[in-house]
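Descriptive structure summary
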Amino acid sequence: PNSARLDFSPRVVYAQGVWVAVFHSGTDWTGNSGADYDVFAMRSKDLAVGWSVPVLVNDAGTNDAESDGAADLATDGLDTVVAIYTRSDPSEPA
């Protein structure tokens with residue numbers, strides 16, 4: 001998508017021949033994540049030459065108006081990759 005909004009804080013891990021990246025963005029990469037900032041992931045199976053289309057990571061990304069971010073990744077080095085992020089939701093207690 002062509003957007004003036006930026007992508008922030010990419011994090012990348014490598015596990016079993018696959019590069020996985022997460023980032024937060026105000027760009028609506030999926031067409032249904034709205035105008036807030038959400039967390040997206042992409043992967044590459046060809047040594048980071050090409051990347052998949054971004055997918056939405058945060059579970060409320062399609063129906064919230066609050067920004068999510070500060071994403072990070074962890075891997076066991078085998079076949080498990082876990083993404084974590086912060087969620088801004090004023091309806092939840094601090």
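I will try to describe carefully the structure that is included in this document. (Residues numbered from 1 in each chain as written. Predicted model: local features only at pLDDT ≥ 70, side-chain atom pairs only at ≥ 80, totals over all residues. Heavy atoms only, no water.)

**A word on the side chain of D68**
Counted only if it meets this: A run of H or I in DSSP becomes a helix once it reaches four residues, and a run of E becomes a strand once it reaches two; helices and strands are each numbered from the N terminus. Each residue is placed in one exposure class: buried if its accessible area under a 1.4 Å probe, protein chains only, is under 20% of its type's maximum, exposed if it is over 50%, and partly exposed if it falls in between. In this charge count, Lys and Arg are treated as positive and Asp and Glu as negative; neither His nor the chain ends contribute. For this document, the term salt bridge refers to a Lys or Arg side-chain nitrogen within 4 Å of an Asp or Glu carboxyl oxygen. Pairs of N or O atoms within 3.5 Å make up the polar contacts considered here, provided that, within protein, one atom can donate a hydrogen while the other can accept it, and that residues adjacent in sequence are counted only when both atoms are side-chain atoms. The criterion used for residue contact is that any of the two residues' heavy atoms lie within 4.5 Å.
In this fold, D68 is placed in strand β5 (residues 68-75). Buried charge D68 goes without a salt bridge, the closest partner of opposite sign being R87 at 4.5 Å. Reaching out from D68, the side chain makes a polar contact with the side chain of N58 at a distance of 2.5 Å. Excluding anything up to four places from it in sequence, D68 contacts H24, Y37, D38, V39, N58, Y85, T86, R87 and S88.

**Focus: the nonpolar core**
Definition in use: Only buried residues count toward a nonpolar core, which is a set of Ala, Val, Leu, Ile, Met, Phe, Trp, Tyr and Cys residues joined through side-chain atoms within 4.5 Å.
Grouped together as the largest cluster of nonpolar side chains are eight residues: V13, V18, V20, V22, V39, A41, A71 and L73. Elements that contribute at least two residues to this core include exactly β2 (18-25), β3 (38-44) and β5. With three residues, β2 is the single largest residue contributor to this core. Those residues within four positions of A71 in sequence are excluded, and the remaining contacts are S9, R11, V22, V39, I84 and Y85.

**A word on a nonpolar patch on the surface**
So the rule is basically this: Every patch collects residues that have over 30% relative accessible area and no salt bridge, joining them within 9 Å if they carry like charges and within 5 Å if they are nonpolar side chains (Val, Leu, Ile, Met, Phe, Trp, Tyr). For the accessible areas, the method is Shrake-Rupley and the probe is 1.4 Å, while residue cover comes only from the protein chains on display.
Together, Y14, L47 and V49 make up a nonpolar patch on the protein surface, roughly 360 Å² of accessible area in all. Structurally, the position occupied by V49 is in the loop between β3 and β4 (55-56).

**Some words on the side chain of S44**
Position of S44 among the secondary structure elements: in strand β3. Using a relative accessible area of 0% as the deciding quantity, one classes S44 as buried. One polar contact links S44 to D46, side chain to side chain, over a distance of 2.8 Å. Polar side-chain contacts of S44 include one of 2.8 Å to the backbone oxygen of G50. The contact partners of S44, leaving out residues within four places of it in the chain, are G17, V18, W19, V49, G50 and W51.

**Brief notes about the packing of aromatic side chains**
As a reminder of what qualifies: Whether two aromatic rings pair depends on their centres lying within 6.5 Å, for rings of Phe, Tyr and Trp, where Trp uses its six-membered ring; planes under 30 degrees apart make the pair stacked, over 60 edge-to-face, and the rest tilted.
Under the counting rule described, the total for this entry stands at three aromatic pairs. Between F8 and Y37, the ring centres sit 6.0 Å apart and the planes meet at 50°, which makes this aromatic pair tilted. Residue F8 is located in strand β1 (residues 7-15), and its partner Y37 is located in the loop between β2 and β3; the two are separated by 29 residues in the primary sequence. The exposure class assigned to F8 is partly exposed, which follows from its relative accessible area of 34%. Relative to W19, the ring of Y14 lies with its centre 4.9 Å away and its plane at 55°, an arrangement referred to as tilted. Assessed through its relative accessible area of 41%, Y14 is described here as partly exposed.

**Some details on the environment of A70**
On the secondary structure map, A70 appears in strand β5. Spatially, the C-alpha atom of A70 lies 5.8 Å from that of T86, the residues being 16 residues apart in sequence. Beyond its immediate sequence surroundings of up to four residues, A70 is in contact with H24, I84, Y85 and T86.

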